[in-house]
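# Residue-level structure breakdown
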Amino acid sequence: MMNKPLLSYLTAAAVLAGCAGSYRTATNATATTAASKAAGPILPGVGLDVADLDTTVSPCDDFFHYSGGNWLRNNPIPAYASSWGPRNLLGDRTQALLKQILEDAANTRASKGSNLQKVGDYYASGMDSVGLDRAGLKYLQPELRRIDAIISRDALRRELAHQQTLGTGAYFRAGVSPDRKNSSVYAVNLNQGGLSMPDRDYYLKDDVRSTTVRNAYVEYMTTVFELLGNAPATAQQRAANVLALETRLARASKSRVELRDPYANYNKMPLAEFDRAYPAVGLGDMLKQNGLGAVQEVIVGQPAFFQELNTVLQSTPLLEQKTYLTWQLVSSITSALPQAYSDAAFRFQQVQSGTKQQPTRWKRMLAATDGTLGEAFGQLYVDKAFSPEAKQKALDMLANIKESMAEHIRSNTWMSSATKTEALKKLNALRVKIGYPDKWKDYSTLNISRESYLQNVLAARQWNYARNVEKYGQPIDRTEWGMTPPTINAYYSPAMNEIVFPAGYLQPPFFDPKADDAVNYGAIGGVMGHEMTHAFDDQGRQYDSEGNLRDWWTKADGEEFTKRAAVVGTQYSAFSPLDSVYVNGKLTMGENLADFSGLTIVYDALQKQLQQKYGSKPRPRYDGFTPEQRFFLSWAQLRRTNIRPEALRQQILTDPHSPGQYRTIGPLMNMPQFYEAFGCQPGQKMVRNTEDRAKIW
Ligand SMILES: [Zn+2]
């Protein structure tokens, strides 16, 4: 029997009553009995604001607007942002706290060499915009002169090696990271790069949107070359040279979808072979110059790209390459130069994202300090914002969700027992990191002062590069974090087989110890399930329990997975947020699978939690909603987003995450649990026919 949504003092009741019915579908293994879902007492709730709902919309037709329509109307995008959602609201709260920490640090006479001194001086030097204007190019001159002084291809290669240590992004990306097929050792990984626009399409396509962004890019470059002292005609010529060079690289680059195939992007070869095939890169000498002389083999992501890069390096006139290097250097540090450079960068950014106003300097410098000294800064943050109780509660939730995932693997109807055994082994080996690192990064060898922000930025980049190089030949460092503690985000790492949740995300409204379980499971629980099931999405499933790229699936099971995932891909490719703009179901596959799989397993983890707490007793209905309804509302609350059309187009092209609207409804449209919670009927827009539904776990 379908439980009729409770008529309450809420306006929500009017609409909920309209979709009550007796529709019920086959339930999963841990579904609770009808008795335990009998109407419980109505209590005031924490964690959801019912005034956000738009009850003129049916939850079964459009859950995105039902769950957040009033919120979307009442929360327009501020001028300084390109999109706006609960994450941004939390972001603003976090930033206020972080700003206080930075100002305190800047005003403290901390002992030279301490983390506090470095954080304070980095921020203060970045905030000194008058000083930056006055310094002009003074602190950049030594680097500009190095590029100017290049008079031969050999000198060019030596400078390329130096540019690598400055992290400017010129030509290609190189770094020391785990060998994906042997995740217990580090390897030198080389990948395509060298572009300044966010996607190769902007170089290659001639539609209105691509041309608009491309023209704005040329204008940006021209302005910067003029600021550097070139006459207008020369500046224009230089901008054209850079665009031509980058366009060649773009043409040789793989698409984002092609980059999602880990086997196709793994080509291990002896260094000598690389040097023979792509001599103009001068990789062997570069590695020697940069402290990696011991390297014998490298992993090349995209050989065809390096083939073209080799030709570009050989055939492009030296002057044009020097122009390109200058551009890559300067555009990577505009915020450390006089204001006119940041303004030019922002005008280009504006065309891409639609943002009306440049974020204030303190916000940009806060982000820069987080990016550079994240763990020194982060220690000061967690002292104020994260408690051991919160950590314990998060660990308890994760344990429940992991158990639910194990049950879903065991009771899976389409997987062989051989594949299940490997899947369970991988799940058991999954490591969890919560809040902040057990072992903090040691910044003692990094020198930061108040003299020059630009010097600080370059020193930090070289320090980071040296730190990365030092890893080579060492055992894998499993204590490292890929995000800083205040970050409002989380990740799964296939090579480490670990899920990581920074303290910044474990805050209301995503995680609220005062809220009911349904709300926490729908919000941060949904995130936990999402990250955990990344281990089993279309990419994650290709790595085994030790983080090695190795096929542990039987052929039939692998094919069955791919078939089931393809259903999800087709569903999302049909979503169209703007006229003639469609979600790319292939690019967003991993994220969509993680949303759907994660929510499925977390739903059952919540059922278990409720069963433990209430047994067969009626469950309280906070704000008049059943726990199941609150679970889905909480999931939706996290993803409500207002976004500018420019930013939306950019997201569709570059972001592996689907827009918030489809992250909200996409998984629910496949979930009978959702139909049941809101009494949805066949024929309503959120309800897919049985044969059209995806089912993986
Ligand atoms: Zn994800």
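The written sequence of each chain sets the order in which its residues are numbered from 1. In keeping with the model being predicted, local features are shown solely for residues with a pLDDT of at least 70 and side-chain atom pairs are shown and tallied solely at 80 or more, while totals for entire chains, interfaces and linings include all residues. For side-chain calculations, the full set of non-hydrogen atoms in the structure is used, while hydrogens and water are omitted.

To continue, consider the overall build of the protein chain. For the purposes of this entry, the term helix denotes a DSSP run of H or I that reaches at least four residues, the term strand denotes a run of E that reaches at least two, and both are numbered from the N terminus. Secondary structure assignment for the protein chain yields 27 helices and 11 strands. Just to be clear, the radius of gyration here is over C-alpha atoms, and the globule rule we use is 2.2 Å times residues to the power 0.38. Against the globule reference of 26 Å for 697 residues, the protein chain gives a C-alpha radius of gyration of 27 Å, in line with a compact fold. Over its C-alpha atoms, taken along the principal directions, the protein chain stretches across nearly 80 × 55 × 50 Å. When accessible area is computed with a 1.4 Å probe and restricted to protein chains, residues below 20% of their type maximum are described as buried, those above 50% as exposed, and intermediate ones as partly exposed. Residues classed as buried in the protein chain amount to 57% of the 697 residues present.

Feature annotation in UniProt assigns "domain: Peptidase M13 C-terminal" (unreviewed entry) to the following positions: residues 489-692. Summarising residues 489-692: 50% helix, 7% strand, and an end-to-end C-alpha distance of 32 Å. UniProt positions are given in the numbering used here, feature names are shortened, and annotations may be inferred rather than shown by experiment.

Next up on the list: the packing of helix α23 (residues 589-614) against helix α26 (residues 660-668). Angles here are taken between N-to-C directions and fall from 0 to 180 degrees, while the axes themselves are lines fitted to C-alpha atoms, restricted in helices to the stretch in contact. One can describe the packing of α23 onto α26 by two numbers: an axis separation of 9 Å at closest approach and a directional angle of 55°. With respect to α26, the element α23 is oriented oblique. The element α23 and its partner α26 pack so that their crossing is right-handed. Note on element contacts: α26 touches α23 through R663, P667 and L668, opposite D595, F596 and L599. Roughly parallel covers angles under 35 degrees, roughly antiparallel covers those over 145, roughly perpendicular covers 65 to 115, and oblique covers all other angles. Rotating anticlockwise by less than a right angle from the far helix to the near helix defines a left-handed crossing, while the corresponding clockwise rotation defines a right-handed one. Contacts: residue pairs with any heavy atoms within 4.5 Å of one another.

Further remarks concern the confidence of the model for the protein chain. pLDDT gives the predictor's per-residue confidence on a scale running from 0 to 100. In this model, the protein chain carries an average pLDDT of 93, and 95% of its residues clear a pLDDT of 70 or more. In the predicted structure, residues 1-35 sits below a pLDDT of 50 and forms 77 contacts with residues beyond four places in sequence or in another chain.

For Na, K and Ca the donor cut-off is 3.2 Å; for every other metal, N, O and S atoms count as donors within 2.8 Å. Water does not enter the count, which can leave sites looking incomplete. Within the protein, the zinc ion binds to H530 (NE2), H534 (NE2) and E591 (OE); these donor distances fall in the range 2.0 to 2.1 Å. Going along the chain, you hit the donors of the zinc ion in the pattern H-x3-H-x56-E. Taken as a pair, H530 and H534 lie in helix α21 (residues 524-534) at a separation of four residues, close to a single helical turn. A residue is classified by how much of its surface remains accessible, and H534, at 9% relative accessible area, is buried.

This part covers the state of the cysteines. Count a disulfide wherever a pair of cysteine sulfur atoms falls within 2.5 Å. According to the stated counting rule, one finds one disulfide in the structure shown. Between the sulfur atoms of C60 and its disulfide partner C680 the distance amounts to 2.1 Å. Taking the sign of the torsion about the S-S bond as the criterion, the disulfide between C60 and C680, at about -80°, is left-handed. Placement of the pair is C60 in the loop between β1 (39-43) and α2 (63-74) and C680 in the segment after α27 (672-678), with a sequence separation of 620 residues. Using a relative accessible area of 0% as the deciding quantity, one classes C60 as buried. Overall, C680 belongs to the buried group, its relative accessible area being 0%.

Turning to the sheet that holds strand β9 (residues 498-502), a few remarks are in order. Neighbouring strands of a sheet are bound in pairs by backbone hydrogen bonds; such pairs are parallel or else antiparallel. Any two strands with at least two DSSP bridges between them are considered paired. Pairing in this open sheet of three strands is mixed, and the strands run β7-β9-β8 from one edge to the other. Looking at strand neighbours, the two that pair on one side only are β7 (431-435) and β8 (491-493), the edges of this open sheet. Strand-to-strand twist of the sheet, defined as the mean angle between neighbouring strand axes without regard to direction, takes the value 15°. Of the strands in this sheet, β7 and β9 are in contact with helix α17 (residues 388-410), which crosses β7 at around 150°. Against the sheet, α21 engages β8 and β9, with an angle of about 150° to β9.

With that settled, the discussion passes to the environment of G91. Note that G91 resides in helix α3 (residues 86-107). Since its relative accessible area comes to 14%, G91 is described here as buried.

Attention now moves to the pattern of salt bridges. Think of a salt bridge as a Lys or Arg side-chain nitrogen and an Asp or Glu carboxyl oxygen that are within 4 Å of each other. Taken as a whole and judged by the stated rule, the model has 29 salt bridges. R410 is the partner of E403 in a salt bridge, and the nearest nitrogen-oxygen pair spans 3.1 Å. Note on R410: relative accessible area 46%, which makes it partly exposed. Connected through shared salt-bridge partners, D179, K268 and E297 make up one network.

The next point concerns the side chain of R541. For R541, the position within the fold is in the loop between α21 and α22 (555-573). The contact partners of R541, leaving out residues within four places of it in the chain, are A535, F536, W552, W553, G558, F561 and T562.

To continue, consider the nonpolar core. To define a nonpolar core, start from buried Ala, Val, Leu, Ile, Met, Phe, Trp, Tyr and Cys residues and group those joined through side-chain atoms within 4.5 Å. Judged by nonpolar contacts, the single largest core of 189 residues is most densely connected at F63, Y171, V298 and F632. For this core, the leading source of residues is α23, giving 11 residues. These domain boundaries are the output of an automatic or database domain assignment. When residues are assigned to domains, this core turns out to be shared by domain 1 (150-353) and domain 2 (387-446 + 473-617 + 627-634 + 644-692), each giving three or more. Among residues more than four places away in sequence, those in contact with F63 are F632, L633, A636, T664, I665, L668, F674, F678 and M686.

Further remarks concern the pairing of strand β6 (residues 297-300). Pairing geometry for strand β4 (residues 182-192) and β6, over three bridges, is parallel. Note on β6: the bridge partner recorded for L190 is V300.

What follows concerns the packing of aromatic side chains. A pair of Phe, Tyr and Trp rings is counted when the ring centres sit within 6.5 Å of each other, with Trp represented by its six-membered ring. The angle between the planes then sorts it: under 30 degrees is stacked, over 60 is edge-to-face, the rest tilted. For the structure shown, the criterion picks out 35 aromatic pairs. Measuring from ring centre to ring centre gives 5.6 Å for F172 and F306, while their planes differ by 70°; the resulting arrangement is edge-to-face. Of the two residues, F172 sits in strand β3 (residues 172-179) while F306 sits in helix α13 (residues 303-315), which places them 134 residues apart along the sequence. You can call F172 buried: its relative accessible area is 3%. Here Y603 and F631 contribute two aromatic rings whose centre-to-centre distance is 5.6 Å and whose plane-to-plane angle is 75°, an arrangement assigned as edge-to-face. Residue Y603 is located in helix α23, and its partner F631 is located in helix α24 (residues 627-639); the two are separated by 28 residues in the primary sequence. On the basis of relative accessibility, which here comes to 4%, the residue Y603 falls in the buried class. Taken together through their ring pairs, the aromatic side chains of F63, Y66, Y603, F631, F632, F674, Y675 and F678 make up a single cluster. When the ring centre of W362 is taken as origin, the NZ or CZ atom of K99, which lies over that ring, is 4.8 Å away. Whether a charge lies above a ring is judged from NZ of Lys or CZ of Arg, which has to be within 6 Å of the ring centre and within 35 degrees of the ring normal.

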